[in-house]
Amino acid sequence: MVEGMRTRIAREERGTALVEAAIIIPLVLLLMVGIFEVGRLYQTFQVLTNATREGARASVVPSGDVPTVKAVVTQYMQDGQLAAANAATVNVDRAASIVVNGTAIGASLVTVDYPFQFMVLQPVAQLVVKGSTAGQPFTIRTTALMRNEAM
């Protein structure tokens, strides 16, 4: 009699473990994918920030021109292995100004808009919660403002 009860209890516990695993595994998967994707987002943001700074540096020299600045920024993004480097929008304003000690000084403003798309987060979020907006594509914007060099 005791042997039969053990077998019955063991089967019930196996069923409980299966149900618990079915509930927990998708949540753990979503958490892991989210961690990886946020890391990739941060890395992309860092590359864009540096690309924007390099563009601003190229823009502040007297010989700097808009096509050169855009080429520098795009090349930096490509070197940083950003997949949508050619789809990014680069705006250069060499007539911007910056206030230093109460005096407006000529500056260059470089703005980069990059279309970022998560690789795995959106499909996994859809599996966990139907209609989830987690992981939707969005635009990352970075700007750099530097004082123009004297001509």
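In what follows, the accompanying structure is described.

## So, the overall build of the protein chain
Along the backbone of the protein chain there are 3 helices and 3 strands. Written out in order from the N terminus, the α and β elements of the protein chain read α-α-β-β-α-β. In terms of C-alpha radius of gyration, the protein chain reaches 26 Å, well past the compact-globule figure of 15 Å for 151 residues. In terms of principal-axis extent, the alpha carbons of the protein chain reach across some 100 × 35 × 25 Å. Partitioning the intrachain contacts of the protein chain with sequence separation of at least 6 by distance along the chain shows that 67% fall at a separation of at least 24. For the protein chain, the accessible surface area stands at approximately 9800 Å², while carbon and sulfur atoms represent 62% of it. For the protein chain, the distance from the average site of its 12 positive side-chain charges to the average site of its 11 negative ones is 3 Å.

## Remarks on the sheet that holds strand β3 (residues 138–147)
Read across the open sheet, the 3 strands follow the order β1-β2-β3; overall the sheet is antiparallel. For this open sheet the edge positions go to β1 (89–100) and β3, each flanked by a neighbour on one side alone. Each strand of the sheet is rotated relative to its neighbour by a mean of 25 degrees, with strand direction disregarded.

## As for the pairing of strand β2 (residues 103–116)
One ladder, built from 10 bridges, connects β1 with β2; its direction is antiparallel. Counterpart to S97 in the pairing with β2 is G106. Counted along the chain from β1 to the antiparallel partner β2, the turn is 2 residues long, and its residue N101 has a positive phi close to 50 degrees.

## Thoughts on the pattern of salt bridges
Under the counting rule described, the total for this entry stands at 3 salt bridges. Note that E37 and R40 form a salt bridge whose closest N and O atoms lie 3.2 Å from each other. Here E37 and its partner R40 are both found in helix α1 (residues 2–60), 3 residues apart, which amounts to about one turn of the helix. Close ionic contact of R57 with E54 constitutes a salt bridge, the shortest N to O distance being 2.7 Å. In this pair, R57 and E54 are both assigned in helix α1, 3 residues apart and thus about one turn of the helix distant. Here R57 falls in the partly exposed class, since its relative accessible area comes to 42%. E54 sits in the partly exposed class, given a relative accessible area of 30%.

## Observations regarding the nonpolar core
Within the largest apolar cluster, 24 residues are counted, with the highest numbers of intra-cluster contacts made by L48, V73, M77, V110, V112 and Y114. Broken down by secondary-structure element, the contributors of at least two residues to this core are α1, α2 (66–79), β1, β2, α3 (121–128) and β3. With 6 residues, α1 is the largest single contributor of residues to this core.

## Regarding the environment of P123
Following the sequence through the fold, P123 ends up in helix α3. Overall, the relative accessible area of 44% leaves P123 in the partly exposed class. For the pair formed by P123 and Q78, sequence separation is 45 residues and the distance between their alpha carbons is 26 Å.

## Quick word on the packing of aromatic side chains
Under the criterion given, the structure shown has 3 aromatic pairs. Taking 5.9 Å as the distance between ring centres and 50 degrees as the angle between the ring planes, the aromatic pair formed by F118 and F138 counts as tilted. Taken together, the positions of F118 in the loop between β2 and α3 and F138 in strand β3 put the pair 20 residues apart, joining distant regions of the chain. You can call F118 buried: its relative accessible area is 12%. Taken together, F116, F118 and F138 form an aromatic cluster joined through their ring pairs.

Reading the values: rules and limits
- Positions within a chain are numbered from 1, following the residues in the order the chain's sequence is written.
- Note on the predicted model: pLDDT of at least 70 is required for a residue's local features to be given, and 80 or more for side-chain atom pairs to be given and counted; whole-chain, interface and lining totals, by contrast, use all residues.
- Values shown for side chains rest on all heavy atoms present in the structure; no hydrogens or waters enter the calculation.
- Put simply, DSSP marks the helices as runs of H or I at least four residues long and the strands as runs of E at least two long, and each gets a number from the N terminus on.
- Using C-alpha atoms as the atom set, the radius of gyration is obtained and then compared with a globule rule of 2.2 Å times the number of residues to the power 0.38.
- The contact criterion used is simple: two residues touch if any of their non-hydrogen atoms lie within 4.5 Å.
- Each accessible area value is a Shrake-Rupley result obtained with a 1.4 Å probe; residue values ignore everything except the protein chains displayed when judging cover.
- The positive count covers Lys and Arg only, the negative count covers Asp and Glu only, and His and the chain ends enter neither.
- Here the site of a charge means NZ on Lys, CZ on Arg, CG on Asp, or CD on Glu.
- Pairing between two strands requires that DSSP report at least two bridges joining them.
- Axis definition: a line fitted to C-alpha atoms, limited for helices to the stretch in contact. Angles are taken between N-to-C directions and run from 0 to 180 degrees.
- The salt bridge definition used is simple: a Lys or Arg side-chain nitrogen within 4 Å of an Asp or Glu carboxyl oxygen.
- Using a 1.4 Å probe on the protein chains alone, a residue whose accessible area is under 20% of its type maximum counts as buried, one over 50% counts as exposed, and one in between counts as partly exposed.
- Residues enter a nonpolar core if they are buried and are Ala, Val, Leu, Ile, Met, Phe, Trp, Tyr or Cys, with the set joined through side-chain atoms within 4.5 Å.
- To pair, rings of Phe, Tyr and Trp, with the six-membered ring standing in for Trp, must have centres within 6.5 Å; the planes then decide the type, stacked if under 30 degrees apart, edge-to-face if over 60, and tilted in the middle.

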